[in-house]
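Coordinate analysis (summary)
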Amino acid sequence: MKKVLSIVLALALLCVTFAACAGNGTSSTSSASEESSAVSSESSAASESSASSEESTSTEKTKIGILAPAVTHGWVAGVAYYAEQRCKELSDTVDYKLYTSNNAEEMTSQIDDLKSWGAEAIVAFPQWEGMEVPIQEAIDEGIVVVNFDIEIAADGVYRVSGDNESMGVEGAKYIVDKIGTTGKVVVLDVPTSGSVAELRKKGFLDTMKEIAPDMEIVEYATQFTREAGQADFADILTSNDHIDAVYSMDDETSIGVLQAISEANRDDIKVITGGGGCQEYFNMMKENENIWIESSLYSPLMVKDAVDMALDVLAGKDVEPVKIISTTVVDRDNVDEYLDPENTVY
């Protein structure tokens, strides 16, 4: 009996021991699980913090300033229009401020405003004399400056421009293609525009000498406005009984010329060129079936390339300091590709 009792007591003691061991094992496992959960939570929080920081960094926008002259010509208005349009297209990554000015002092003050705002790049159309110093100062302070069209003496400035001489070359080729190598061509020069007209006329005359040396060429002075084109060409029509073609360097001048031709009921003129990229002029190309209307593009649309160039420089890309955009010829055959119904500016 004592032996049985001893066995029972031994078994009971063994069960208690196993229970104690099992209890210690469960406690250890629970503690490890809690520690693992805490580490996981800390890791998740750190990950979320990092993601939040990255998101904050990625949403910081590049600040770009746009400087253009106040509108004196539809083409100038087009520069500001297309620059702003490009910045809006890039609104997810770009903040911009657009200023227009009437003189160098006003544009210089606007550069100071852009500095205070924190502009990282400036796309400028500095038509005024005296802009070299403020632009150089901006560059020296680490701001990327891309000039549109205008070449100035500033170290480190970038530039996007069209090819004025090429416009004259294409105009000459177009006229010869339409009327042949002989005839009478009126050249509408704009001496007040300086190198712009000089280069366009050079390209035209040099090409004519090469491909149509017997062409009769008569030069007259006018301006880059439709009002001047109309008034001056009305007088030219009176002085010339017959004209085969007109080499005009500007779309708006050409709009005035077409008005003068219409009012004089002249049907001898078969070709008129232009330059720029004016939507109103584009719309005339198909409307006038008896005269070939052409534009050698020097489009304000090129300013979009200037905005893109500024961003490429800021991104550390290898960028050539000067980008010259070659001339494209537009007439009734391809004008549909260049019509922009939303552009009521130029």
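Residues numbered from 1 in each chain as written. Predicted model: local features only at pLDDT ≥ 70, side-chain atom pairs only at ≥ 80, totals over all residues. Heavy atoms only, no water.

To continue, consider the packing of aromatic side chains. As enumerated under the stated definition, the model contains 7 aromatic pairs in all. Geometrically, the ring pair formed by Trp75 and Phe125 is edge-to-face, given 5.7 Å between the ring centres and 70 degrees between the ring planes. Here Trp75, found in helix α2 (residues 74-89), pairs with Phe125, found in the loop between β3 (121-124) and α4 (132-140); they are 50 residues apart in sequence, far enough to count as distant. According to the relative accessible area criterion, Trp75 is buried, its value standing at 9%. Under the relative-accessibility criterion, Phe125 is labelled buried at 1%. Taken together, a centroid distance of 5.0 Å and an interplanar angle of 75 degrees make the contact between Tyr81 and Tyr82 edge-to-face. There is no split in this pair, since Tyr81 and Tyr82 are both buried. Three or more aromatic residues joined by ring pairs form one cluster here, namely Trp75, Phe125, Phe148 and Tyr298. Here the basic side chain of Arg200 rests over the ring of Tyr298, its NZ or CZ set 5.1 Å away from the ring centre. (Phe/Tyr/Trp six-rings, centres within 6.5 Å; stacked < 30°, edge-to-face > 60°. Helix = DSSP H or I, 4+ residues; strand = E, 2+ residues; numbered from the N terminus. Buried < 20%, exposed > 50% of the residue type's maximum accessible area, 1.4 Å probe, protein only. Lys NZ or Arg CZ within 6 Å of the ring centre and 35° of its normal.)

It is worth spelling out the nonpolar core at this point. Among the nonpolar cores identified, the biggest contains 55 residues, and Phe233 and Tyr281 are the most heavily contacted of them. If sequence neighbours within four positions are ignored, Tyr281 has contacts with Asp251, Ser254, Ile255, Leu258, Ile272, Thr273, Gly274, Ile293, Glu294 and Ser295. One finds Leu67, Ala104, Ala154 and Val157 within the second-largest nonpolar core, a separate group that totals 18 residues. (Core = buried A, V, L, I, M, F, W, Y, C linked by side-chain atoms within 4.5 Å. Contact = heavy atoms within 4.5 Å.)

Right, let's talk about the packing of helix α3 (residues 104-117) against α4 for a bit. In the contact formed by α3 and α4, the axes pass within 9 Å of each other and the chain directions differ by 15 degrees. Relative to α4, the element α3 lies roughly parallel. Where α3 crosses over α4, the two elements pack in a sense that is left-handed. Here Thr108, Ile111 and Lys115 of α3 come into contact with α4, specifically with Pro134, Ile135, Glu137 and Ala138. Residue composition of the contact of α3 with α4, grouped by class: 4 nonpolar, 1 polar and 2 charged. (Axes fitted to C-alpha atoms, helices over the stretch in contact; angles between N-to-C directions. Parallel < 35°, antiparallel > 145°, perpendicular 65-115°, else oblique. Left-handed = near helix turned anticlockwise from the far one by under 90°. Nonpolar A, V, L, I, M, F, W, Y, C, P; charged D, E, K, R; others polar.)

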